[in-house]
Every structure is written in structure tokens, then in C-alpha cells.
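Chain by chain, the residues run as shown.
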Amino acid sequence: MLIPNTNYNQLKQSYLFHNIALKVNDFQSRHPDKKIYRLGIGDVSLPLCPCVCEQLHAAVEDQAHAETFHGYMPECGAPFLREAVAKHYKARGVNISDNEVYISSGASDELGDILDLFDKSSAALVIEPAYPAYVDANIIAGRKIVHLACGAYNSFLPEPGDADADLIYICSPNNPTGAVFDREKLAKWVRYANERGAVILFDAAYEAFIEDEALPHSIFEIEGARTCAIEICSLSKTAGFTGTRLGYTVIPKELERGGMNLGEMWVRNRTTKTNGVSYIIQKGAAAVFTEQGQKQIHQNINIYKQNAKVLTQVFDKLGIWYCGGSNAPYVWIQCPANMTSWEFFDYLLNEIQVIGTPGAGFGSCGEGYFRFSSFADTQDTEIAAQRIYQLLNK
Ligand SMILES: *Cc1c(COP(=O)(O)O)cnc(C)c1O
């Protein structure tokens, strides 16, 4: 008889967003007239920028005529888009060649798929609190997970210490904490990975939110990273592609383990398991990397950042500890009055109808913390911030 992948039995049920929805629906049914301010979402709210839409329309038109029609696209990405991404890196002083860039249909897809490159016996290190997909993708693959807990004591930016792992997940700027590794701290992880022969999977989904010039957008800004890191990026949060789907991954030519070249293996993987990403979407994505595209996406990012600022100003006034907000779309606060993260959730919902995300949903060391997202509507964010101030300034 066929044996299913029993690793699925090891997955912990995630009740986070389900529980939030239950509580919110219950409240709304008891108070149908009350408006709810949703600052819990991890999805963007602003539409695609005009130059992306223009290219998407033009690409549909290309597909409508035999002379401009495209069939299968190259598995690792359209040359025009790989080139645009490589140029984008070069503009920031990072030398990446076109064929080190792999176009994907998103970072989540890639974070799971990339595990095909590594043996099951390798242990994966996850810095917690964390994006739940890191843990779950490795459980499904049957890999051992090393949990590295952090907290306010290290500003949610831990050092490698004596952690024992082969694959290392680093998400910077971080979801959920909004914390960002500086060059010095990131260099410690690069040194550690090179010494151990480990590989860092660097999730740069929020790099475009960095405003502090001194902070690295890419792990390849750190010396030595080309021999120990894979960078996974996405246009989801940077350009509103959550429903449109496009990402890119960088695997440097030098990256080898056990005499095998990971880039070459990935080419083989992609040519076997995908037939590339839609021509139309890749054309739209290429517009993001033009001068005009960069200007337009940053107009949207600045709106989210203004929302974050409205929140952090309130926490500054209240003297509440937080991180994130300035180089990331999330503000991660310490719950006031020693409340647990779910107690604080209920308190905000019942008293002022503001929704956030309880930190405990991102791993046990997230207990006592709470995430606010800046992706909500600006007016809603302003009203929510005012309500939080009035509620907690008692
Ligand atoms: C949103 C997000 C992504 C992006 O995922 P996509 O599949 O590209 O939409 C990746 N990593 C983290 C940590 C995220 O929060």
C-alpha cells in the first residue's frame, strides 16, 4: 500500500488567523454597528502602480497576436527580467550576474522548493519569533529544526553563538518583529556559515522598506556571503504583487557544498519542476525595476511607512517598548501591563475595536508581544492609533 508523507502528522495546527477571525466575527455579530480597525493583516492594500499595469496590458496584447506571442518561457526566468534584477543589484553596488538570478512565482513558493537542494539529515535553524512557513516547510521535508529564541534583550537580532545547524533562515527586515540586521551582525552569521559549511537562506521580502542608508538590503553586501548564502526576494510587499505573484532568488556561482554546485543543481531542478513564470507577469515585473517603477513603488511604500510612523509616535508617547516601524512595515510592541498577547488582543478588540496579531502566534518567545501592520488604510490607522493612545494613557 502507498505510504503517505507522515511528516504531515508532525505539523502543529496553526490557529492564529483562524482564532483571530473567530473572535472578530463573534464581536461583530454582537456589535453589528461597530467599525473594526484591522491592523493585523500581512497583505498589502494599495493597488499595482501605473507603469506595472501599463506593461501588463501591453503584454496581454503581445499574447493576442502571432508576431508577438510567447509560448513557454525559459524555466529560470525571461532574460529581460533576470537582467533587470541584476542591474538593480548593481545600482546598489552588488555584483550579481544575470544567470545568478532565478525568477520565481513568489518567495513562499521558493522557500519551500529550495529545500530540494539539501539532504534531509541537515538541521534547519529558525530564529524565533518567525514566519511560520520556515518551520512547516522543513517539518514536511522531515528535517530537524533548531529553534533560536530571541527577545527584547537582544533587540530580536540574535548572534549565532554555538547553534548547531546546516541551513539558517534569516529574515531581515523581519516579519513579525520589524528588526533589521546591521552589517556587523550579519557578518557574524556569514562567518559562522562559512566556517561550518552551512547555507543561509536570506529572506529579503521587505528590503525595499529599509530607509537607513547604513543597513544592508542584501546579504551579498556582506563580504564572504557568495560562498554561503542564497537570497530569496519577492515583489509581494515591495510592489503590491501578493495576488499577481512574482519573486526572484539569487544563487551565486561560487556556492558549492560537497563538490556540488548549488546554482547548477537549481537550474536542473527548475527545468524539471517548472515551465517558468508567465510572460505577462514577468513583463509587469520588469516595469518595477525601471526608474519610473522605482519611483512609483516607493510612493506606495512611503504611505505604509507613514502609517507605521503614526503608530510608533503613539508608542513613543506611551513609553511602550517596540522595534520595527522605521525600516519595516511591522511594529512589534511589548504588551502593556504584563498582558499575554491574546489578552491584549481581546482588550483592544473589546475596548476600541482595533485588531493586531498576537506575538504568541509566531513561536513561544513571541508571547507578551504584539504585531501591528502598516498595510491598513491610512485613515483607519490614524483612528486606531488615537484610540490606542486614549486607551493606554490611563
Ligand atoms: C510576505 C512574505 C513573503 C512573500 O511571500 P510571497 O510568496 O512572495 O508572497 C516572504 N517572506 C516573508 C517573511 C513574508 O512576510
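Residues numbered from 1 in each chain as written. Predicted model: local features only at pLDDT ≥ 70, side-chain atom pairs only at ≥ 80, totals over all residues. Heavy atoms only, no water.

**Digging into the pairing of strand β15 (residues 369-373)**
As a reminder, the rule being used: The cut-offs for exposure are 20% and 50% of the maximum accessible area for each residue type, with area from a 1.4 Å probe on protein chains only; residues under the lower value are buried, those over the upper are exposed, and the others partly exposed. Counting from the N terminus, the helices are the DSSP runs of H or I reaching at least four residues and the strands are the DSSP runs of E reaching at least two. Pairing between two strands is assigned when DSSP locates at least 2 bridges connecting them.
Counting buried residues along β15, five of its five residues qualify, which places the element largely inside the surrounding structure. Residues of β15 alternate between two faces, with Tyr369, Arg371 and Ser373 on one and Phe370 and Phe372 on the opposite face, all of them buried. In this sheet, β15 lies alongside strand β12 (residues 330-334) in antiparallel orientation, the contact comprising five bridges. Within β15, the residue paired with Trp332 across the bridge is Arg371. Summarising the sheet, strand β14 (residues 357-358) and β15 pair through two bridges and their orientation is antiparallel. Residue pairing across strands places Pro358 opposite Phe370, the latter belonging to β15.

**Examining the domain arrangement of the protein**
What counts is decided by this rule: Segmentation of the chain into domains, including their bounds, is taken from an automatic or database domain assignment. Whether two residues touch is decided by their heavy atoms; if any such pair falls within 4.5 Å, the residues are in contact. Throughout, buried area stands for the accessible area (probe radius 1.4 Å) lost by two parts on being put together, summed over both.
By domain assignment, the protein separates into domain 1 (13-42 + 293-392) and domain 2 (50-290). Domain 1 and domain 2 are separated by 27 Å when their C-alpha centres are compared. Counting residues at the interface gives 25 residues for domain 1, matched by 33 residues for domain 2. Summed over both partners, the interface of domain 1 with domain 2 comes to about 2,400 Å²; 63% of that surface belongs to carbon and sulfur atoms.

**Digging into the site of the ligand**
As a reminder, the rule being used: Throughout, near means a residue has at least one heavy atom within 4 Å of the molecule or strand. Definition of a polar contact: a pair of N or O atoms within 3.5 Å, with one able to donate and the other able to accept a hydrogen when the atoms are protein atoms, and with sequence-neighbouring residues admitted only if both atoms are side-chain atoms. Accessible areas in this description were obtained via Shrake-Rupley with a 1.4 Å probe; residue shielding takes into account the shown protein chains only. Residue type decides the class: Asp, Glu, Lys and Arg count as charged, Ala, Val, Leu, Ile, Met, Phe, Trp, Tyr, Cys and Pro as nonpolar, and the leftover types, Gly among them, as polar.
The local shell around the ligand holds 15 residues, among which Asp203, Tyr206, Ser234, Ser236 and Lys237 are the closest. At 2.6 Å, a side-chain N or O of Ser234 approaches an oxygen atom of the ligand. A distance of 2.7 Å separates an oxygen atom of the ligand from a polar side-chain atom of Arg245. Isolated, the ligand exposes 380 Å² of accessible area, and the fraction of that covered by the protein chains is 94%. Going through the elements one at a time, α4 (107-113) and α7 (236-239) are the ones with two or more residues in the shell around the ligand. Counting residues per element, the shell around the ligand draws most heavily on α4, which supplies three residues. Class assignment of the residues belonging to the shell around the ligand gives a composition of six nonpolar, five polar and four charged.

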